[in-house]
Amino acid sequence: MREWKFRCANTTCLPFLNLITSTIMKCQMACLAQVYCRAASFYQSTSNCELFTDMSNEIAHMQPDTDITTMIVIAGTRSPP
């Protein structure tokens, strides 16, 4: 989801891992490599990649942000699963 980020009302929305990656693809790959990662947010200006656990309750509460792309893991897309 381009230009959307999680708007969290509580601390359970904090990322479990922050890292710097050179591209959005590397952020996506970092999430898929972590078994507990269910979502990732990539900030274009800082190359910051945030990895999140279960964010299914937060998807309905997104807010616009032009610097970010948020990605949600689709079940069955991990290789190996």
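We now turn to the structure provided with this report. The shown structure was predicted, so the numbers you read here are calculated from the model rather than taken from an experiment.

1. Remarks on the overall build of the chain
Right, so step 1: Along the backbone of the chain there are one helix and five strands.
Right, so step 2: Along the chain direction, N to C, the helices and strands of the chain fall in the order β-β-α-β-β-β.
Right, so step 3: Buried positions account for 31% of the 81 residues belonging to the chain.
Right, so step 4: Taking all contacts inside the chain whose residues are at least 6 apart in sequence as the whole, residues at least 24 apart take part in 69%.
Right, so step 5: Counting only carbon and sulfur atoms, one obtains 57% of the accessible surface of the chain, whose full area is about 5300 Å².

2. Remarks on the side chain of Thr 21
Right, so step 1: Secondary-structure assignment places Thr 21 in the loop between β2 (17-20) and α1 (24-33).
Right, so step 2: Polar side-chain contacts of Thr 21 include one of 3.3 Å to the backbone oxygen of Thr 23.
Right, so step 3: Dropping the residues within four chain positions of it, Thr 21 is found in contact with Lys 26, Cys 27, Phe 42, Ser 47 and Cys 49.

3. Things to note about the side chain of Glu 50
Right, so step 1: Structurally, the position occupied by Glu 50 is in strand β4 (residues 48-52).
Right, so step 2: Residue class for Glu 50 comes out buried when judged on its relative accessible area of 15%.
Right, so step 3: With near-sequence residues (within four places) excluded, Glu 50 lies in contact with Pro 15, Leu 17, Asn 18, Ala 39, Ala 40, Ser 41 and Tyr 43.

Procedures and definitions
Residues numbered from 1 in each chain as written. Predicted model: local features only at pLDDT ≥ 70, side-chain atom pairs only at ≥ 80, totals over all residues. Heavy atoms only, no water. Helix = DSSP H or I, 4+ residues; strand = E, 2+ residues; numbered from the N terminus. Buried < 20%, exposed > 50% of the residue type's maximum accessible area, 1.4 Å probe, protein only. Contact = heavy atoms within 4.5 Å. Areas by Shrake-Rupley, 256 points an atom, 1.4 Å probe, with all protein chains shown as cover. Polar contact = N/O pair within 3.5 Å; in protein donor to acceptor, adjacent residues only side chain to side chain.

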